[in-house]
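Spelled out from the first residue to the last, the chains are:
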Amino acid sequence: ISVPTLTLNDGHTIPQLGFGVFKVEPEETTRIVSDALETGYRHIDTAAIYGNEAGVGAALGASGIARPDLFVTTKLWNDRQGTASAFDAFDESLEKLGLDYVDLYLIHWPAPAKDRYVESMKALEQIRESGRARSIGVSNFLAPHLARLLAETDVVPAVNQIELHPAHQQPEVTAFARAHGIRIEAWGPLGQGKYPLFEEPVVAVAAEAHGKTPAQVVIRWHLQMGNIVFPKSNRRERMAENFDVFDFELSHTELATITALERVGRVSAHPDDVN
Ligand code: NAD
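Definitions and cut-offs
- Residues numbered from 1 in each chain as written.
- Predicted model: local features only at pLDDT ≥ 70, side-chain atom pairs only at ≥ 80, totals over all residues.
- Near = placed C-beta within 6 Å.
- Helix = DSSP H or I, 4+ residues; strand = E, 2+ residues; numbered from the N terminus.
- Buried ≥ 20, exposed ≤ 12 C-beta atoms within 10 Å, placed from the backbone.
- Arc of directions from axis to C-beta.
- Contact = placed C-beta atoms within 7 Å.
- Pairing = 2+ DSSP bridges.
- UniProt positions renumbered as here; feature names shortened; annotations may be inferred.
- Right-handed = clockwise from strand over helix to strand, strands pointing away.

*Asks:* What is the right way to look at the site of the ligand in this model?
*Replies:* Looking at the ligand, there are 23 residues lining it, with G20, F22, L190, A215 and K232 nearest. A per-element tally of the shell around the ligand places helix α9 (residues 236-243) first, with three residues.

*Asks:* Explain helix α6 (residues 171-179) here, please?
*Replies:* Think of an α-helix as 3.6 residues a turn; residues three or four steps apart then line up on the same face. All of the buried residues along α6 are V173, T174, F176 and A177. Axial view of α6: buried residues confined to an arc of 165°, hence all on one face. Those residues of α6 that are exposed and angled more than 90 degrees off the buried face are P171, E172, A175 and A179. Buried residues along α6 sit in contact with α5 (143-152), β8 (159-163) and β9 (183-187).

*Asks:* Please explain the sheet that holds strand β4 (residues 43-45) as it appears in this structure.
*Replies:* Paired through backbone hydrogen bonds, the strands of a sheet run either parallel or antiparallel to each other. Here eight strands make up an open sheet; going across it, the order is β3-β4-β5-β6-β7-β8-β9-β10 and the pairing parallel. The two strands at the open ends of the sheet, each matched to only one other strand, are β3 (19-20) and β10 (228-229). Two elements, β3 and β4, share two bridges in a ladder whose sense is parallel. From the neighbouring strand, G20 faces β4, where its bridge partner is D45.

*Asks:* Explain the environment of E200 to me, please; I cannot follow it from the model alone.
*Replies:* Along the chain, E200 turns up in the loop between β9 and α7 (201-210). Take E200: there are 19 C-beta atoms within 10 Å of it, and that puts it in the partly exposed class. In this structure, the C-alpha to C-alpha distance between E200 and A133, residues 67 residues apart in sequence, is 40 Å.

*Asks:* Got a minute to help me understand the environment of A89 in this structure?
*Replies:* Its place among the elements puts A89 in helix α3 (residues 84-97). On a C-alpha basis, the gap between A89 and A151 in space is 26 Å, while along the polypeptide they are 62 residues apart. Each residue touching A89, except ones within four places of it in the same chain, is listed here: A48, L76, W77 and R80.

*Asks:* Just to check I follow, could you spell out the UniProt feature "domain: NADP-dependent oxidoreductase" (unreviewed entry) in the protein for this structure?
*Replies:* Per the UniProt annotation, the sites labelled "domain: NADP-dependent oxidoreductase" (unreviewed entry) are residues 23-262. Within residues 23-262, the helical portion is 45% and the strand portion 14%, while the C-alpha atoms at the span's ends are 26 Å from each other.

*Asks:* Even after reading the chapter, I still don't get the pairing of strand β7 (residues 133-139), so can you show me in this structure?
*Replies:* Looking along a regular strand, one sees the side chains alternate between the two faces of the sheet. Judged by how many residues are buried, β7 sits mostly within the fold: seven of seven residues are covered. Of the strand pairs in this sheet, strand β6 (residues 102-107) and β7 are connected by five bridges, and their pairing is parallel. Note that in β7 the partner of Y105 across the bridge is I136. As for the winding sense of the linkage, the β-α-β connection from β6 through helix α4 (residues 117-129) to β7 is right-handed.

This is the structure we're talking about:
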């Protein structure tokens, strides 16, 4: 199976489907990421705060997969925002990953109370210029945070990675991002299992109609909406299930009925409250 790629605003490409490792225990990470790579995933999404970059790196190293065939993202944690601190944090991440570059480096949260995300983005710009991050972007930025970055730096982030699933689609920030060529990465694409998304009749009916599972229908909805996704599972059979989404297509009506599930709101923290 070949996963479709999307082109970012800097010309680099990203596999639209990847594998996320939030809440994957450090001691289990190498096994789990190795399973994901064997399943076929080539895009791995981690972060310094997940504490598992070393395990990701060990799995990448042991896989024998050529570096150009992998896409690796990590993120700058809030308490390292700034200039020198961001450079140091980035070096530590690269070291733990055992890589000489990452494909994508993100500011994990805007942390507006710190007021350092503009400065941090300028640091990431220098990291990108050094070639050690191919692309740079942000995560959990709302439209006003993005607007300020665009006004005060020369950088247009390649992506904004935000909480996005059928019950919480963030229309304002996604419209703003798309208008500026910023790709949307949807975190918590399955709602983190925090509401009964798979029991929603429109999801269940589409699953039945296509002979797929509700999780596959939701992942397919993301892909057809143009989102980049990296659902997480520790279980090999679910990794395979979540990867097996390229042999069917949702109709316009099915897409629209799933889009109409917007209502519940976020299942995780509000970006203005995370510092
Ligand atoms: P998710 O929506 O991918 O949900 C994961 C949970 O869904 C799993 O723990 C599992 O219980 C369940 N699940 C997975 N596959 C399933 C299947 N086929 N059938 C039934 N249940 C299934 O949530 P997530 O892990 O929070 O998000 C994905 C990735 O996004 C993370 O691993 C991480 O890389 C990233 N993320 C980023 C941020 C951020 O602030 N930038 C925050 C959270 C997550």
